[in-house]
Amino acid sequence: MNFPPELLLRAQGVKVAFFDVDGVLTDGGLYMSEDGERIKRFNTLDGHGLKLLQQAGITPAVITGRDSPALRARLQALGITHAHFGTEDKRPAAEITLRTLGLDWSAAAAMGDDWPDLAVMRRAALSCAPVNAHAEVRAQAHFITQARGGQGAARELCDLLLVASGCYARLLQAYAR
């Protein structure tokens, strides 16, 4: 893992990372079954990265404009307890999580792909966007991933946060024994 020093400095104090879902944890596509049920595709690299954040003492939080049983099941499987569903105004939701955790914006990272994510991204100490995010969102991001949303982009942010926190090598070693 090789990140620019200025990016590592921005990421050092992060204790909570906010993630959008559609376009970040998924590819942004909305798959619909015959009976209208929404089906989502999640990437296991991203999921493992979110688990690693928790092991490093960094809280992953989700703020999404949608809600579905599939999403709730995935977040529960990952052990993510800080989640806000069905909200387009994401800043107040993020502030609730920050208050709950006793943190402020200086300890936050945020990853989004479209305009509803901008209010959180602009306040966070570190903002990130997948390479296929909307141009306005990429313009606000401190870090743009190489991977597309739903294809490992969230894992790239997780890896950056793990390196900056000094936990990456220790966590990797535990798997390499």
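Described in the following lines is the structure provided in the data block. (Residues numbered from 1 in each chain as written. Predicted model: local features only at pLDDT ≥ 70, side-chain atom pairs only at ≥ 80, totals over all residues. Heavy atoms only, no water.)

### Topic: the packing of aromatic side chains
In plain terms, the rule: Here the aromatic set is Phe, Tyr and Trp, taking the six-membered ring for Trp, and pairing holds for ring centres within 6.5 Å; pairs whose planes are under 30 degrees apart are stacked, those over 60 apart are edge-to-face, and all others are tilted. Helical segments are the DSSP runs of H or I of at least four residues, strand segments are the runs of E of at least two, and each set is numbered from the N terminus. Using a 1.4 Å probe on the protein chains alone, a residue whose accessible area is under 20% of its type maximum counts as buried, one over 50% counts as exposed, and one in between counts as partly exposed. Two conditions define a charge sitting above a ring: the NZ of Lys or the CZ of Arg must be within 6 Å of the ring centre, and it must be within 35 degrees of the ring normal.
A complete count under the given rule lists two aromatic pairs for this structure. Taking 6.0 Å as the distance between ring centres and 80 degrees as the angle between the ring planes, the aromatic pair formed by F3 and F143 counts as edge-to-face. Of the two residues, F3 is situated in the segment before α1 (5–11) and F143 in strand β8 (residues 143–144); the sequence distance between them amounts to 140 residues. Look at F3 and you get buried, because its relative accessible area is 13%. By relative accessible area, F143 is classed as buried at 11%. Judged by centre distance (6.3 Å) and plane angle (50 degrees), the ring pair of F18 and W105 falls under tilted. Taken together, the positions of F18 in strand β1 (residues 16–19) and W105 in the loop between α4 (90–101) and β6 (108–111) put the pair 87 residues apart, joining distant regions of the chain. Residue F18 is classed as buried on the basis of its relative accessible area of 2%. The ring of F85 has R72 sitting right over it, with the charged end atom 3.9 Å from the ring centre.

### Section: the pairing of β6
The side chains of a regular strand alternate between both faces of the sheet. Put simply, the rule is: Should DSSP find at least two bridges between two strands, the strands are regarded as paired. Handedness of a crossover is defined as follows: orient the strands so they point away from the viewer, and if the path from the first strand over the helix to the second runs clockwise, the crossover is right-handed.
Side chains of β6 alternate between two faces, with A108 and A110 and A109 and M111 buried alike. With four bridges joining them, β1 and β6 adopt parallel strand pairing. Among the inter-strand pairings, V16 is bridged to a residue of β6, identified as A108. Of the strand pairs in this sheet, β6 and strand β7 (residues 126–129) are connected by three bridges, and their pairing is parallel. Residue pairing in the sheet places A109 in a bridge with L126 of β7. Between the parallel pair β6 and β7, the chain is carried across by helix α5 (residues 118–123), and the sense of this crossover is right-handed.

### Some details on the sheet that holds β1
Pairing is parallel across the open sheet formed by six strands, whose spatial order is β5-β4-β1-β6-β7-β8. Sheet topology places β5 (82–84) and β8 at the edges, where each strand pairs with a single neighbour. Note that β7 and β8 share two bridges and pair parallel. If you follow A129 over to β8, its bridge partner there is I144.

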